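Tertiary structure, described
For reference, the chains in residue letters:
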Amino acid sequence: MKLVRTTRKSLLAVFAIVLSTFFLQCKNEPKESPAAPINETLLEAPEGFSVFEIGTELGAVRHLTVANNGDVYANRSVLKNGKSIVRLKYTNTEESPYEQEEFAEVPGTGILATDNYLYASSNSGVHRYALNENHEIVDANNPQTIVDGLIDMGRDNAKPFTVDSDGNLYVTIGSWNDACRDTESDAGMIPCTLLDSAGGIWKFKADQLNQTYADGTRYATGLKNAVGITWNFQTNSLFATDHGRGGLHNFYPDLYSKEQDDALPAETFYELQENDNAGWPETYYDPIQKKRILAPEYGGDGIQSGGEDAIAPIMAFPAHLGPNDVLFYTGDLFPERYKNGAFIAFHNQSKPLNKGFFVAFVPFKNGAPDGDWEIFLDNFAGMDLANPTEGDGLKHRPCGLAQGPDGALYVCDDFGGSIFKVTY
């Protein structure tokens, strides 16, 4: 027994020496600092974020998506090199980190990669390409038509879309008529017959081919042009950003000053349920009075309320900012405060604020906005909008948003033709 106890004590002593030496070495070894953020672009991002310009001179890239294999796809509203869709494939080579490929010959806006398909919209419908087990397109020359024949009058004719978890396809059909005015009298049409085929969001089946209006249903109405549209899988509901109407001072100078025209109406953000009415064209949302106002085409005077049956926006933004896409962030790469919040790409500017062309962030909690919106990525314009100097020219207009499998945020620009990648 004595020998056993002595041996045990010796082993414990040796273990203690080894353990103390290990901790001493760990303490003395220098710890690696996290890599410093990289941003060689003109964009301004919050502290800790890196920004990379992964594609340049790509043309009018409107919306974009990232497949499960990391391939980035963007849809063009104008053909470039005779093609409408561009793919950027990561090659991890120093000379050319992204390999570029172009296909499709019908311009459009919307694009979305799912597990099995790449969906893309034209200005009159939605098509899809089958993906193989590596999430690559099987046949880029023969897309299948999901829905076609949607109205296209040449203005506000983009067909952005989203897909829910039950295989339903939601497509925005914007109105080419700013306030549903009668072409002869300029008075508002009662009823607004445009709402039968435009000014709302229509619901179709994502897996059914060759659909038309007759195969779908009008999911929500009263949206002039909801270019930003997405399905929130946390709340299991549809969200959309709507462009406000214009022309208040031009058509009604006795009711609205030029300054009011610059400040009205709000750009709006909605959570939508089936059969919701967002109030267009009979009303608009006033961000100053914080209420829905009866439109002058329908007898309003700029003060009178209206639209008691219309839903309220979950958030109102300054006029004319042009919200062109919305994305709910579900990744783990960004700090926790961004989780489940909404990024919105603003495609235009607010003259009263002298701000615009930025990506904003709206914090969310329990499926609803939780606090004020903030600018996340700024300076796409590349100039001081409040004090532009001679020779200044617009550089970029953010238009589309996407999230990569690793949690990176992608932003495309339909003016300068760039795609940016944001990491943390």
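Right above here is the structure, for reference.
Residues numbered from 1 in each chain as written. Predicted model: local features only at pLDDT ≥ 70, side-chain atom pairs only at ≥ 80, totals over all residues. Heavy atoms only, no water.

**Some words on the overall build of the protein**
The cut-off we apply is this: Runs of E in the DSSP output that reach at least two residues are strands. Runs of H or I that reach at least four are helices, and both are numbered from the N terminus. Here the open area of atoms and residues is found with the Shrake-Rupley method and a 1.4 Å probe, where only the protein chains shown may cover a residue. Neither His nor the chain termini are counted; the positive set is Lys and Arg, and the negative set is Asp and Glu. Lysine's charge is taken at NZ, arginine's at CZ, aspartate's at CG and glutamate's at CD.
Check the secondary structure of the protein and you find three helices and 31 strands. Dimensions along the principal axes, computed over C-alpha positions, put the protein at roughly 110 × 50 × 50 Å. As displayed, the protein offers around 20,100 Å² of accessible surface, 49% of which is attributable to carbon and sulfur atoms. Taken together, the 33 basic and 58 acidic charged side chains of the protein have centroids lying 10 Å from each other.

**Some thoughts on the state of the cysteines**
We apply this condition: Note on disulfides: each one is a pair of cysteine sulfur atoms within 2.5 Å. A 1.4 Å probe rolled over the protein chains alone gives each residue an accessible area, and that area as a share of the maximum for its type sets the label: buried under 20%, exposed over 50%, partly exposed in between.
Evaluated as defined, the whole model comprises one disulfide. Between the sulfur atoms of Cys-180 and its disulfide mate Cys-192 the distance is 2.0 Å. Handedness of the Cys-180-Cys-192 disulfide follows from its S-S torsion of about 105°: it is right-handed. Of this pair, Cys-180 sits in the loop between β11 (168–173) and β12 (200–205) while Cys-192 sits in the loop between β11 and β12; the two residues are 12 residues apart in sequence, bridging distant segments of the chain. Both residues of the pair, Cys-180 and Cys-192, count as buried.

**What to know about the sheet that holds strand β7 (residues 117–121)**
Our working rule: Note on pairing: two strands pair once DSSP finds at least 2 bridges between them. A fitted line through C-alpha atoms represents every axis, and for helices the fit uses only the stretch in contact; the resulting angles, taken between N-to-C directions, go from 0 to 180 degrees.
Here we have four strands laid out as an open sheet, ordered β6-β7-β8-β9, and antiparallel in their pairing. The open sheet terminates on both sides in strands that have one partner only, identified here as β6 (111–113) and β9 (144–147). On average, each strand axis in the sheet is tilted by 25° relative to the strand beside it, whichever way the strands run.

**Considerations on the nonpolar core**
This is how it is decided: Here, the term nonpolar core denotes a set of buried Ala, Val, Leu, Ile, Met, Phe, Trp, Tyr and Cys residues that are joined through side-chain atoms within 4.5 Å. Working rule for contacts: check all heavy atoms of both residues, and any pair within 4.5 Å makes them a contact.
Phe-334, Phe-343, Phe-376 and Leu-377 are the most contacted members of the largest nonpolar core, which has 22 residues in total. Mapped onto this core, the elements with two or more residues apiece are β22 (342–346), β25 (359–362), β28 (374–377), β30 (409–413) and β31 (419–423). Non-local contacts of Phe-376, meaning those with residues more than four positions away in its chain, are made with Glu-44, Ala-45, Pro-46, Phe-49, Phe-334, Tyr-338, Phe-343, Val-359, Ala-360, Phe-361, Leu-409 and Val-422. Within the second largest apolar cluster, 15 residues are counted, among which are Leu-58, Val-61, Val-72 and Leu-88.

**A short note on unusual backbone geometry**
Looking along the chain, the bond that leaves Ile-190 and enters Pro-191 is cis, with omega of -5°. Its identity as a non-glycine residue notwithstanding, Asn-275 has a phi of 75°, on the positive side. Residue position: Asn-275 is located in the loop between β16 (267–272) and β17 (276–277). At Lys-290, a residue that is not glycine, the phi angle is positive and equals roughly 55°.

**A closer look at the sheet that holds strand β5 (residues 98–103)**
Within the open sheet, the four strands sit side by side as β2-β3-β4-β5. Their pairing is antiparallel. Two strands close off the open sheet at either side, each with one partner strand: β2 (61–66) and β5. Averaged over neighbouring strand pairs, the angle between their axes works out to 25° when direction is ignored.

**Some words on the pairing of β25**
Every second residue of β25 is oriented toward a common face, with Val-359 and Phe-361 on one face and Ala-360 and Val-362 on the other, all of them buried. Pairing between β22 and β25: four bridges, direction antiparallel. Paired with Ala-345 across the bridge in β25 is Val-359. Where β25 lies against β28, three bridges are found, and the strand directions are antiparallel.

**A few points about the pattern of salt bridges**
Note the cut-off: Any carboxyl oxygen of Asp or Glu that lies within 4 Å of a side-chain nitrogen of Lys or Arg is treated as forming a salt bridge with it.
All told, the structure shown has 16 salt bridges when counted by the stated rule. Between Lys-258 and Asp-262 there is a salt bridge whose closest N-O contact spans 3.0 Å. Of this pair, Lys-258 and Asp-262 are both found in helix α3 (residues 258–263), four residues apart, which corresponds to roughly one turn of the helix. With a relative accessible area of 38%, Lys-258 lands in the partly exposed category. Taken together, the shared-partner salt bridges in this structure form one network comprising Asp-71, Arg-87, Lys-89, Glu-99, Glu-101 and Glu-136.

**Remarks on the environment of Asn-275**
For Asn-275, a relative accessible area of 64% gives the class exposed. Considering only alpha carbons, one finds Asn-275 and Lys-83, 192 residues apart in sequence, at a separation of 37 Å. Sequence-distant contacts of Asn-275, that is, excluding residues within four places in its chain, are made with Arg-218 and Tyr-219.

**What to know about the environment of Val-138**
Among the secondary structure elements, Val-138 is positioned in the loop between β8 (126–130) and β9. With 271 residues separating them along the chain, Val-138 and Leu-409 place their C-alpha atoms 26 Å apart.

**Some remarks on the packing of aromatic side chains**
The relation between two aromatic rings is expressed through the spacing of the ring centres and the mutual angle of the planes. The test is simple: Only Phe, Tyr and Trp rings are paired, with Trp represented by its six-membered ring, and only when their centres lie within 6.5 Å; those with planes under 30 degrees apart are stacked, over 60 edge-to-face, the remainder tilted. Consider the ring centre and the ring normal. A charge sits over the ring if Lys NZ or Arg CZ is within 6 Å of that centre and within 35 degrees of that normal.
This model, assessed by the stated rule, comprises 32 aromatic pairs. Summarising the aromatic geometry, the rings of Tyr-170 and Trp-231 are spaced 5.3 Å apart at their centres and angled 15° between planes, so their arrangement reads as stacked. Taken as a pair, Tyr-170 in strand β11 and Trp-231 in strand β14 (residues 228–232) lie far apart in primary sequence, 61 residues in all. On the basis of relative accessibility, which here comes to 2%, the residue Tyr-170 falls in the buried class. Taking 5.0 Å as the distance between ring centres and 50° as the angle between the ring planes, the aromatic pair formed by Phe-343 and Phe-361 counts as tilted. Of this pair, Phe-343 sits in strand β22 while Phe-361 sits in strand β25, and the two are 18 residues apart along the sequence. Here Phe-343 falls in the buried class, since its relative accessible area comes to 0%. Judged by its relative accessible area of 0%, Phe-361 is buried. Feature note: the residues Phe-49, Tyr-329, Phe-334, Tyr-338, Phe-343, Phe-361, Phe-376 and Tyr-424 constitute an aromatic cluster, connected by ring pairs. If you follow Arg-128 out to its NZ or CZ, it ends over the ring of Tyr-117, 3.8 Å from the centre. Lying over the aromatic face of Tyr-338, Arg-337 brings its terminal NZ or CZ to 5.0 Å of the ring centre.

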